[in-house]
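Summary of the model geometry
Next come the chains, spelled out residue by residue.
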Amino acid sequence: MRVAVVTDADGGGLLRALAEDGTPTGPVERVGDLPVAVAERERAARPRWVWAATADLYPRLLAAGARVDRCHDLALTEGILLAAEGRWGEPRSFPAAWARLEGRPVPDDAVRAAVRAGQPALFDHDLLALPDPAELLAGVVAVHGEQQRRLGGLGLLVAAESAGALAAVEMAAAGLPWRPEVHDAVLTELLGPRPRGGAAPLVLQELAGKIEAAFGGQPLNPDSPAQVLRAFAAAGTPLPSTRSHVLREVDHPAVPLLLAYKELSRLHAAYGWTWLDVWVAGGRFRPEYVPGGVVSGRWATRGGGALQIPHALRRAVVADPGWVLVVADASQLEPRVLAALSGDDGLARAAAGGDLYAALAADAFGGDRARAKTALLAAMYGGDVGQLMIVLRRRFPAAVGYVEAAARTGEAGGLVRSRLGRTCPPPSAGWLAATGPAAGPDPDPDAGARARRIARDRGRFTRNFVVQASAADWALVLLAAVRRRLAAGPAGPQLVFFQHDEVMVHCPKADAERVAEVVAEAAEESRRLVFGDTAVRFPLAAAVVDRYADAK
DNA sequence: GGCCATAGCGCG
DNA sequence: AAAGCGCGCTATGGCC
């Protein structure tokens, strides 16, 4: 059973029961207190809630105590369907989908994004000149019905995407346990005491001084790549860039100082005291997750950099007293995904046990694990590793064939899809123009080489897309399965973090063992739902720790 | 003063 | 020995 829902302007809303195909099965119900009505219906019937956008509606419901089990997010679903239909650039919001359905002018997604980001006081209805709640509900019902007709084989992906959106809101509400005093201690240990005003920390100032001295005392801002390049050139060592791996090859007294400076300066700029002030409150870090924010289906975040938390700061992620963190991350996820996707028997055998690269090395690379890993990564990401690829192709023809077919499709301008059907963007107009037949009487002599280069670039993208996006499918279904198995409520285990191939649950110490089992069961369920009958295993390393830093 | 591209690093 | 995919975020520096 499904229930379509919209809010009105003063805390109430409208509901209407739907069949699976979207046909209304009951009257429109007007309720005065939407969270109360949703919570009540959830207890009684556990329906799949159909609404415009989880990110807009669910935070208010959740804050008022109305946690729900399942939903159908019209905006996220529209994005998946449009991509699958090759209609990448079209706006995907509910108002846009509704307008398309009715042949009205289609509002741009940017308008809604601006509303959400900057002006919470404005109701979307007002800005977009949307009609009253009754008409909105009719629109929700109509768009949902149309999406169910377009759904095809994308049902599992749509359900998982919607469940992920619920989890994102719940994780933002729960927050990641974060100890500001530990964070401050880490910063102080590495950078010196917190400076007053806008001054640079002592350690950075001292390093900058030593770097200047190493170049003969000329003034130099180590944060400026251009100035650093000029300094090296003046010292007789012209460099192509100031990247760390370039600097490491250079024999100059400034190099170790610069490397140390870059690392600490980045920590200070991106995750320093300012970040702590802005993002941590009440012992919790609350990022804003953006489900489906990456073309491959991975999540993104808006502010806070939650998906790039430096390892040095994971000491500050500490469970509450009496609680622990269950940190579970998938081992070698992408090569296992390739094995399952391609059905390659040899690679599946290597992926049936613990260390895939070690098994691969024993099987085909004379026991050299590093070479095996290099070869497989190159297959998935598109590197040129010559001899190794020949070995890989001979021993694992189906796996190599799978990614090479994806690369050829991409080079030809075609679309590729993840296991569950998430579809890559089509080539841009510029790409088509640059790779199309040379036009004009006097074609650019470099155009051919350029066309081949950008075609190969897209081949690398689609080669990787099939693997990365299918790994994201698996991780998303895992997240949904973990979420469904955990008891709801602030007293029990809570999902608090999700990062590409890793989930974290914050739970009372006594629940840790059960949570670890839940996560393992969820991984197995995801394997079955996403890949069906495969010998490939997707082991999750689950660690029960007090501090995130102790998980690996 | 704001806008934008670029360089570079963090994470997976 | 080997090289490549996806992001977010910050500082610099040129431009208006």
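Preceding block: the structure.
Residues numbered from 1 in each chain as written. Chains lettered and ligands numbered in written order. Predicted model: local features only at pLDDT ≥ 70, side-chain atom pairs only at ≥ 80, totals over all residues. Heavy atoms only, no water.

**Comments concerning the nonpolar core**
Applied cut-off: The criterion is simple. A nonpolar core is a set of buried Ala, Val, Leu, Ile, Met, Phe, Trp, Tyr and Cys residues joined through side-chain atoms within 4.5 Å. Under the scheme applied here, a residue whose accessible area is under 20% of the maximum for its type counts as buried, over 50% as exposed, and between as partly exposed, the area being computed with a 1.4 Å probe on protein chains only. Numbered from the N terminus, helices here are DSSP runs of H or I no shorter than four residues, and strands are runs of E no shorter than two. Here, residues are in contact when the closest pair of their heavy atoms is within 4.5 Å.
Leu176, Trp178, Phe232, Phe365, Leu392, Trp474 and Met504 are the most contacted members of the largest nonpolar core, which totals 128 residues. For this core, the element with the most residues is helix α22 (residues 447-485), which contributes 13 residues. Among all residues touching Phe365, those that are not within four sequence positions of it are Leu360, Arg371, Ala372, Ala375, Leu388, Val391 and Leu392. The next biggest cluster of nonpolar side chains, apart from the first, holds 19 residues, and it includes Val3, Leu15, Tyr58 and Cys71.

**A short note on the protein's contact with DNA strand C**
Put simply, the test is: Neighbouring residues are identified by heavy atoms, a residue being near a molecule or strand if any of them is within 4 Å of it. As used in this structure description, the phrase polar contact means that two N or O atoms lie within 3.5 Å; if the pair is within protein, one of them must be able to donate a hydrogen and the other to accept it, and residues adjacent in sequence are counted only when both atoms belong to side chains.
The full set close to DNA strand C counts 28 residues, and Ser224, Gly303, Tyr381, Arg460 and Phe461 are the nearest of them. Backbone sugar and phosphate groups make up 71% of those atoms of DNA strand C lying within 4 Å of the protein. Gly305 is positioned with one of its backbone polar atoms (N or O) 3.5 Å from a phosphate oxygen of DNA strand C. Between DNA strand C and the protein, one listed contact pairs a base nitrogen with a side-chain N or O atom of Arg371 at 3.0 Å.

**Describing the protein's contact with DNA strand B**
The condition that has to hold: Each residue gets one of three labels, nonpolar for Ala, Val, Leu, Ile, Met, Phe, Trp, Tyr, Cys and Pro, charged for Asp, Glu, Lys and Arg, and polar for the others, Gly among them.
Taken together, 19 residues form the shell around DNA strand B, and within it Thr242, Ser244, Arg266, His311 and Asp501 come nearest. Counted by atom, the contact set of DNA strand B within 4 Å of the protein is 82% sugar and phosphate. Lys262 places a side-chain nitrogen or oxygen 3.2 Å from a phosphate oxygen of DNA strand B. Separating a base nitrogen of DNA strand B from a side-chain N or O atom of Arg298 is a distance of 3.1 Å. A per-class count over the surface near DNA strand B returns four nonpolar, eight polar and seven charged.

**Thoughts on the packing of helix α19 (residues 387-395) against helix α20 (residues 397-411)**
What counts here: The axes used here are C-alpha line fits, helices contributing only the stretch in contact, and every angle between their N-to-C directions lies in the interval 0 to 180 degrees. By definition in this entry, angles of less than 35 degrees are roughly parallel, angles greater than 145 are roughly antiparallel, angles of 65 to 115 are roughly perpendicular, and the rest are oblique.
Interhelical geometry of α19 versus α20 gives an angle of 115° and a closest axis separation of 5 Å. With respect to their mutual orientation, α19 and α20 come out roughly perpendicular. Each of Leu392, Arg393, Arg394 and Arg395 in α19 lies in contact with α20, whose residues at this interface are Pro397, Val400 and Glu404. Looking at the contact of α19 with α20, its residues break down into three nonpolar, no polar and four charged.

**Topic: the environment of Val158**
Mapped onto the fold, Val158 is located in helix α8 (residues 155-174). Spatially, the C-alpha atoms of Val158 and His72 are 7.4 Å apart, while their sequence positions differ by 86 residues.

**Observations regarding the pattern of salt bridges**
Stated precisely, the cut-off is as follows: By definition here, a salt bridge exists when the distance from a side-chain nitrogen of Lys or Arg to a carboxyl oxygen of Asp or Glu is within 4 Å.
A complete count under the given rule lists 30 salt bridges for this structure. Between Asp320 and Arg284 there is a salt bridge whose closest N-O contact spans 2.7 Å. Here Arg284 lies in strand β8 (residues 284-285) and Asp320 lies in the loop between β10 (300-302) and β11 (323-330), a separation of 36 residues in the sequence. One salt bridge connects Arg393 with Glu404, and the closest N-O pair in it is separated by 3.0 Å. Note that Arg393 is positioned in helix α19 and Glu404 in helix α20, a separation of eleven residues in sequence. Given the relative accessible area of 36%, Arg393 is considered partly exposed. The network of salt bridges with shared partners includes Glu78, Glu85, Arg87, Glu90, Arg100 and Arg150.

**Quick look at empty space enclosed by the protein**
The line we're drawing: Here a cavity denotes a set of grid points, spaced 1 Å apart and computed over the protein atoms alone, in which a 1.4 Å probe fits but from which it cannot get out, and a pocket denotes an open set meeting protein on both sides within 12 Å along at least five of seven lines; residues with an atom within 4 Å of a point are reported as lining. Grid points are joined across faces, edges and corners, and a volume is the space filled by probe spheres set on the points.
A complete count under the given rule lists two cavities of 30 Å³ or more for this structure. Empty space within the largest cavity amounts to approximately 50 Å³. Considering the residues around the largest cavity, the lining is formed by Gly297, Arg298, Trp299, Ala472, Leu476, Phe498 and His500. Looking at the lining of the largest cavity residue by residue, the classes come out as four nonpolar, two polar and one charged. By volume, the second largest cavity is sized at about 30 Å³. Leu338, Leu347, Leu376, Ala379, Leu392, Phe396, Ala399, Val400 and Val403 are the residues that line the second largest cavity.

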